[in-house]
Amino acid sequence: MIIKILGSGCKKCVALGENAKAAAEAAGKQAEIVKVTDFAEIAGYGVMSTPGLVIDEKLVSVGKVLTAEEIGKLL
């Protein structure tokens, strides 16, 4: 499973990445967390407001920091 965090690396992006890692560990899933900071690639997902969350190439969240529990439900 590949989880992508789309954003510039701001505080919200970092928090979303940490929550995604915690959610994957809690679910017992092997996940690679990838940080995407290239704005052209981010825009390619249709994201105009960061942070964005992509799970296995499916955009699941834009513009908010989901909790580990919320991310766990999406896994």
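Residue positions are given per chain, counted from 1 along the sequence in the order it is written. Restriction of local features to residues with pLDDT of at least 70 applies here, the model being predicted, together with a cutoff of 80 or more for giving and counting side-chain atom pairs; totals for whole chains, interfaces and linings are based on all residues. With hydrogens and water stripped out, all remaining heavy atoms of the structure feed into the side-chain values.

Chemist: I'd like a description of the overall build of the chain, backed by residues and values.
Modeler: Along the chain, the regular secondary structure elements total three helices and four strands. Traced from its N-terminal end to its C-terminal end, the chain shows the element sequence β-α-β-α-β-β-α. The C-alpha atoms of the chain give 11 Å as radius of gyration, which agrees with the globular expectation for 75 residues (11 Å, within 12%). Its C-alpha atoms put the chain at 30 × 20 × 15 Å along the principal axes. The rule is simple: take the accessible area with a 1.4 Å probe, protein chains only, and divide by the maximum for that residue type; under 20% is buried, over 50% is exposed, in between is partly exposed. Relative to its full complement of 75 residues, the chain shows a buried share of 31%. Residues are treated as being in contact if the distance between any of their heavy atoms lies within 4.5 Å. Relative to all contacts within the chain whose residues are 6 or more apart in sequence, the contacts with residues 24 or more apart total 67%. Summed over its atoms, the accessible surface of the chain is roughly 4,400 Å², and 51% of this surface lies on carbon and sulfur atoms. Each charge class in the chain can be summarised by its mean position, and for the 9 positive and 9 negative side chains these summaries are 6 Å apart. Strands are runs of DSSP state E lasting at least two residues, helices are runs of H or I lasting at least four, and both sets are numbered from the N terminus onward. Only C-alpha atoms enter the radius of gyration, while the globule expectation follows 2.2 Å times N to the 0.38, with N the number of residues. With residues, only the protein chains shown are counted as cover, and all accessible areas are computed by Shrake-Rupley using a 1.4 Å probe. The charge count treats Lys and Arg as positive and Asp and Glu as negative. His and the chain ends do not count. By convention, the point assigned to a charge is CZ for Arg, NZ for Lys, CD for Glu and CG for Asp.

Chemist: So what about the pattern of salt bridges? Which residues, and what values?
Modeler: Throughout this description, the term salt bridge denotes a Lys or Arg side-chain nitrogen within 4 Å of a carboxyl oxygen of Asp or Glu. For the coordinates displayed, the defined rule picks out one salt bridge. We note a salt bridge from Glu-57 to Lys-4, for which the minimum N-O separation is 2.7 Å. Of this pair, Glu-57 sits in the loop between strand E3 (52–55) and strand E4 (58–62) while Lys-4 sits in strand E1 (residues 2–6), placing them 53 residues apart in sequence.

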